[in-house]
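Overview (structure and organization)
Listed here are the chains, written in short residue letters.
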2 protein chains.
Amino acid sequence: MDGTLERVTRLVAERREAYLQRLVEYVRLRSVSATGEGVRGTGGYIRDVLAGGGFRARLHETAGHPAVVAHRAGTRDRPHLLIYGHYDVQPPGEDELWDSPPFAPEVRAGRLFGRGTADNKGQHLAHVIATELLVELLGELPAPVTFLLDGEEEVGSPHLDQLVRDLPDELAGTDLVIVSDGPTARDDRYDIVYGLRGILAFELTATGAARDLHSGHFGEIPPNPLWTLVHLLASMKDAAGNITIDGFQELVTPLPVRERQAIAALEPDPAELLASIGAPRLAPSPAASIGEREMARPTLTINGLHGGYGGPRNKTVLPHRAVAKCDIRLVDGQAADTVWELVQRHVRAHAPDVTATWHGAMHPSRTSMDEPFAAVVAGAVRAATGREPIHRPTMGGSLPMWVFTRTLGRPALLLPLGNVDEANHAPNENFALDRFYQGIVISAAVQLALAGS
Amino acid sequence: MDGTLERVTRLVAERREAYLQRLVEYVRLRSVSATGEGVRGTGGYIRDVLAGGGFRARLHETAGHPAVVAHRAGTRDRPHLLIYGHYDVQPPGEDELWDSPPFAPEVRAGRLFGRGTADNKGQHLAHVIATELLVELLGELPAPVTFLLDGEEEVGSPHLDQLVRDLPDELAGTDLVIVSDGPTARDDRYDIVYGLRGILAFELTATGAARDLHSGHFGEIPPNPLWTLVHLLASMKDAAGNITIDGFQELVTPLPVRERQAIAALEPDPAELLASIGAPRLAPSPAASIGEREMARPTLTINGLHGGYGGPRNKTVLPHRAVAKCDIRLVDGQAADTVWELVQRHVRAHAPDVTATWHGAMHPSRTSMDEPFAAVVAGAVRAATGREPIHRPTMGGSLPMWVFTRTLGRPALLLPLGNVDEANHAPNENFALDRFYQGIVISAAVQLALAGS
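This structure is a prediction, so every number in the text was calculated from the model and none was measured.

Quick notes on the rules
- Per chain, the residues get numbers from 1 upward, laid out in the order the sequence is written.
- Naming scheme: in the order in which they are written, chains are lettered from A and ligands are numbered from 1.
- Side-chain atom pairs in this predicted model are given and counted only at pLDDT of 80 or more, local residue features only at pLDDT of at least 70, and totals for whole chains, interfaces and linings cover all residues.
- By definition, any uninterrupted DSSP run of H or I lasting at least four residues is a helix, any uninterrupted run of E lasting at least two residues is a strand, and each is numbered from the N terminus.
- Each radius of gyration is computed over the set of C-alpha atoms, and the globule rule expresses the reference value as 2.2 Å times the number of residues to the power 0.38.
- The burial criterion counts other C-beta atoms lying within 10 Å of a residue's C-beta, which is placed from the backbone; the residue is buried at 20 or more, exposed at 12 or fewer, and partly exposed between these limits.
- Residues are scored as being in contact if the C-beta atoms we place from backbone atoms lie within 7 Å.
- Polar here means any residue other than Ala, Val, Leu, Ile, Met, Phe, Trp, Tyr, Cys and Pro, which are nonpolar, and Asp, Glu, Lys and Arg, which are charged; Gly is therefore polar.
- A strand pair is defined by DSSP finding two or more bridges across the two strands.
- For helices, the axis comes from a line fit to the C-alpha atoms of the stretch in contact; other axes are also lines fit to C-alpha atoms, and the angle between any two N-to-C directions lies between 0 and 180 degrees.
- Marked domain ranges trace back to an automatic or database domain assignment.
- We place the copies in one frame by least squares, fitting the C-alpha atoms of every residue whose pLDDT is at least 70 in both.
- The directions considered for the arc run from the helix axis to the C-beta atoms.
- Known as pLDDT, the predictor's confidence for each residue is given on a scale from 0 to 100.
- Small angles under 35 degrees read as roughly parallel and large ones over 145 as roughly antiparallel, with 65 to 115 read as roughly perpendicular and the rest as oblique.

Observations regarding the overall build of chain A
- Regarding its fold elements, chain A presents 15 helices and 19 strands.
- Relative to the globule expectation of 22 Å for 453 residues, the C-alpha radius of gyration of chain A, 23 Å, shows essentially globular dimensions.
- Dimensions of chain A, computed from C-alpha atoms along their principal axes, come out at roughly 80 × 45 × 45 Å.
- Burial status across chain A gives 57% buried among its 453 residues.
- Taking the contacts inside chain A whose residues are at least 6 apart along the sequence as the reference set, 80% of them involve residues at least 24 apart.

Some details on the interface of chain B and chain A
- In this complex, chain B contributes 79 residues to the contact, which on the side of chain A involves 78 residues.
- Here the side of chain B that touches chain A gets nine residues from one element, more than from any other, and that element is strand β12 (residues 299–308) of chain B.
- Looking at side-chain class alone, the side of chain B that touches chain A contains 32 nonpolar, 32 polar and 15 charged residues.
- Judged from the five bridges that link them, strand β12 (residues 299–308) of chain A and β12(B) form a sheet pairing that is antiparallel. Its bridge partner lying in β12(B), A:His306 is registered against B:His306.

Notes on the pairing of β12(A)
Residue and element names in this part refer to chain A.
- Judged by how many residues are buried, β12 sits mostly within the fold: 10 of 10 residues are covered.
- Taken together, the eight bridges between β12 and strand β14 (residues 321–330) define a ladder with antiparallel strand orientation. The residue of β14 that forms the bridge with threonine 299 is arginine 329.

Some details on the sheet that holds strand β14 (residues 321–330) of chain B
- The eight strands lie next to each other as β15(A)-β10(A)-β14(A)-β12(A)-β12(B)-β14(B)-β10(B)-β15(B), forming an open sheet whose pairing is antiparallel. Edge positions in the sheet fall to β15 (355–362) of chain A together with β15 (355–362) of chain B, since each has one partner strand and no second. Along the sheet, successive strands turn relative to each other by an average axial angle of 20°, direction set aside.
- Contacting β10 (198–207), β14 and β15 of chain B, helix α12 (residues 336–350) of chain B crosses the sheet at an angle of about 165° to β15(B).

A word on the environment of A:Val347
Residue and element names in this part refer to chain A.
- With respect to the helices and strands, valine 347 occurs in helix α12 (residues 336–350).
- Distance in space between the C-alpha atoms of valine 347 and methionine 236 is 9.0 Å, their sequence separation being 111 residues.
- When sequence neighbours within four positions are dropped, the list of residues in contact with valine 347 reads Leu204, Leu232, Val354 and Ala356.

Considerations on the domain arrangement of chain A
- Taken domain by domain, chain A consists of domain 1 (4–196 + 364–451) and domain 2 (199–261 + 294–362).
- Between the C-alpha centres of domain 1 of chain A and domain 2 of chain A the distance comes to 33 Å.

Digging into the pairing of strand β3 (residues 81–86) of chain A
Residues and elements named next belong to chain A.
- For β3, the buried fraction is high: six of the six residues fall into the buried class.
- Of the two faces of β3, the one lined by Leu81, Ile83 and Gly85 and the one lined by Leu82, Tyr84 and His86 are each fully buried.
- With six bridges joining them, β3 and strand β6 (residues 145–150) adopt parallel strand pairing. Directly across from leucine 81, in β6, lies its bridge partner valine 145.
- In this sheet, strand β7 (residues 176–179) lies alongside β3 in parallel orientation, the contact comprising four bridges. In the strand pairing of β7, leucine 81 is matched with leucine 176.

Considerations on the relation of the copies chain B and chain A
- Its rotation angle being 180°, the transformation that places chain B on chain A also includes 0.1 Å of axial translation and leaves an RMSD of 0.1 Å. What the rotation and shift describe, once combined, is the action of a two-fold rotation axis.
- The residues that chain B uses at the interface reappear at the interface of chain A in 99% of cases, marking a shared surface.

Focus on the environment of B:Ser157
Residue and element names in this part refer to chain B.
- By secondary structure assignment, the location of serine 157 is in the loop between β6 (145–150) and α5 (160–166).
- On the basis of neighbour count, serine 157 is assigned to the buried category, with 28 C-beta atoms found within 10 Å.
- It is 7.9 Å that separates the C-alpha atoms of serine 157 and methionine 362, two residues lying 205 residues apart in sequence.
- Setting aside anything within four residues of it in sequence, one finds serine 157 in contact with Asp150, Glu152, Met362 and Pro400.

Details of helix α1 (residues 4–14) of chain B
Residues and elements named next belong to chain B.
- What α1 keeps buried is the set Leu5, Val8 and Val12. All buried residues of α1 fall inside an arc of 55° around its axis, so they share one side. Seen from the open side of α1, the exposed residues pointing more than 90 degrees away from its buried face are Glu6, Arg10, Ala13 and Glu14.
- The inward-facing, buried residues of α1 contact α4 (117–138), α13 (372–385) and α15 (433–451).

Examining the confidence of the model for chain A
- Averaged over every residue, the pLDDT of chain A is 95; the share at 70 or more is 100%.
- Interface confidence for the predicted complex, given as ipTM, is 0.78, next to a pTM of 0.78.

Points about the packing of helix α8 (residues 225–236) of chain A against helix α8 (residues 225–236) of chain B
- Two elements in contact, α8(A) and α8(B), have axes separated by 9 Å at closest approach and are oriented at 105°. Considered as vectors, α8(A) and α8(B) are oriented roughly perpendicular to each other. Along its contact with α8(A), which presents A:Val230, A:His231, A:Leu233 and A:Ala234, the element α8(B) presents B:Val230, B:His231, B:Leu233 and B:Ala234.
- Broken down by class, the residue content of the contact of α8(A) with α8(B) amounts to six nonpolar, two polar and no charged.

Considering the sheet that holds strand β5 (residues 111–113) of chain A
Residues and elements named next belong to chain A.
- Spatial ordering of the open sheet is given by β4-β5-β19, a layout of three strands whose pairing is antiparallel. Of all strands in the sheet, those with a lone pairing partner are β4 (106–108) and β19 (430–432), marking the two edges. Going across the sheet, the axis of each strand differs from the next one's by a mean of 25°, ignoring polarity.
- Pairing analysis gives three bridges linking β5 to β19, with the strands arranged antiparallel. Among the inter-strand pairings, phenylalanine 113 is bridged to a residue of β19, identified as asparagine 430.
- Packing against the sheet, helix α15 (residues 433–451) makes contact with β5 and β19, and its axis sits at approximately 65° to β19.

Some details on the environment of B:Asn303
- Of note, B:Asn303 is situated in strand β12.
- Taking the C-alpha atoms as reference points, B:Asn303 and B:Val354, separated by 51 residues in sequence, lie 17 Å from one another.
- Among all residues touching B:Asn303, those that are not within four sequence positions of it are A:Ser215, A:Gly308, A:Tyr309, A:Asn314, A:Lys315, A:Thr316, A:Val317, B:Lys325, B:Cys326 and B:Asp327.

Here we look at unusual backbone geometry
- A cis amide bond links A:Arg78 with the next residue in sequence, A:Pro79, at an omega value of -10°.
- Tracing the sequence through the fold places A:Pro79 in the loop between β2 (67–72) and β3.
- B:Asn120 follows B:Asp119 through a cis peptide bond whose omega is 10°.
- Looking at where B:Asn120 falls in the secondary structure, it is placed in helix α4.
- With a phi close to 50°, B:Ala109 is a non-glycine residue in the positive phi region.
- Residue position: B:Ala109 is located in the loop between β4 (106–108) and β5 (111–113).
- Classification of B:Ala109 as exposed rests on a count of 8 C-beta atoms within 10 Å.
- Positive phi, close to 55°, is recorded for B:Ala423, a residue that is not glycine.
- In this fold, B:Ala423 is placed in the loop between β18 (412–414) and β19 (430–432).

Printed below as a string of structure tokens:
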């Protein structure tokens, strides 16, 4: 296979416009899993793309949105690579916050802007195109590849664990799982990430009287659900940033020294980071560093809080209902179901009138930094890009990697292809086109290196 | 004038349908001062009604919405009664929460439903119709009456103080001010209220990063404006209901024993009150009683709080902006401008990134329970209804009575005509028609009694 990577690199350079159009076509398809809009149709589209590339591909039904499962054998039988991605996208949010419409992708300054460009359509499409190129050049894949494309990642992949349990024949032989999602931490290097935080998403609903009331005649007579939520939330995290849910901190496994050192070595420049997101200062936190906030500690984020009057000026009303949406990022030792028990118990103890509703969860995941396949992948990234990748013990975001490390019991690495400012989950999400094209080359290099290992 | 009140009572009974149609016509006119919708036109409408009743009536310009000022002399020169009301209304809120459209009033079960029926169009229209009846029966009013109808009461009457200062010739001779607004406390009795709490309405705006971010990659790195507001608000009132704004409690003048006893005598049945508003329990409070919560203590109400995601399910976003709208009800000793200084100082000390915006204020007001005209008014209510009114030292709501007691320096009484469940400021606001008709008779009785005093 000598020279194959060079030929891949040359073909990608020649076909940039055609590959861009394939990504544009894919991003145009709405697939908002939170509302269900367009999800099944988009799954069918990418299944057909894979079938067109010689994969045995199908929509696999779940209790929610379907997954795409696609397999193609290789010249060698091993190692068997499983590539996980997701074809669903986040809700676009308010249209007026986008400089171009979220589902009418537009190229500006070398980036493609649109919902799902980087998170995650562009990233798994790079892998798909890489398999096509390898088959074109070699007549066959060098080693077997299975794609598993989730339709529910942005709502917490509630059926992925069951899906992996349902596919023992197709997945049991997996040697390594690679997930390309999220941004790299720096635009001049790629990351190999060994662990991911888990997540627990939930909603707190507080009620008071049966209807909105006049704040002068009824203020402080029935419970105000906004005050109920303010005091409940303040009891869950204090003003210094300590999460104070009863029993929560006790679950955290202290970081191994090697990971702690790896995190310290990766510490970003605080002023630069704050400037990049337009924030005036760091949030209050007991963490010693930014790296610790992102990688070593759990977080409790209020994603949204709504209740009462929100129009112009003021309205002297006592609201009767309020809702807070929250997520907790979990670190090693914090199984999601155990933490959910703690949250429910805390809510019952501190605010018995509040209803806590579960919106999905993922366990944290960890793969050993000594995993041999990781060294192979690192060599491939070096071969494709000329730069040594950065080895990160863990990452702030949450992906359902635990399904692979815990349920399937295989090593799972995150190899993000996105640019650092991809703005995933936000308006003006984008994918730098150079990184899309380079992602194709990286995927081909990884497949070639694994087959040669 | 012997027998006049009986003739008024008979005529009102005969003309119920016609008076109802006058109220319907008035409520149909939108006059939402918070947005400005229809305000000036509605002011012109009620000015024309007063002019048609022989008043010298005009729209008086202010720096905001105009007020209606109307005067008619009486057979006697004194006492000169000033009747204050407001022709503006609260925003209707969401249409789907109303059983009939807020500006298409509908009669159901003896009540007229619509925004502004009781708060305040129906209540001052009862006084207007009373003057028409007295002129019809006596050829002239028994004593001079001035109407002052505010177009900005629901946004805090920001220009009323200046207006009263601007009208020395017309208002200097005022002997008594009567305001009919809000509900009575019980449907079988009327209230004479001597004092009112003040109000301070404001907004707290918190910002974090320049845009919404991914909660996994950026959680606890920039400040989350929702957490900023949660902790700021929790520092302003604790979970036990104590208002903890620095320096706030120290301003409160302890209640005179006579007023405290009057409040104790008026204590409602808690179970009955909670059932009437559909609330499961009382809010946490250091207050010993419901009466104390409503009449003796200041309150801090969050009227609305909005930030981040509010759609279906969940979205793992770290919001960049959040807004809380609040009102504080002030008691004797708490001048609104002094408290506003304390709020701003507290916000600066506890959350320097939060902007506090003033949305209007009223000082508290108090008239002596020994005021001689109050006894005359009480006698008139007794004559009109056959029941002794209830003397209340103060009331939970806020009206700009301080303009009359502090700026004009005259006694000012609140004589609410609304039913206890009028649902002012809420969906399905309504005015019980029997009370509308009885309000006309009460107003005529008060005018007759004052002229005879």
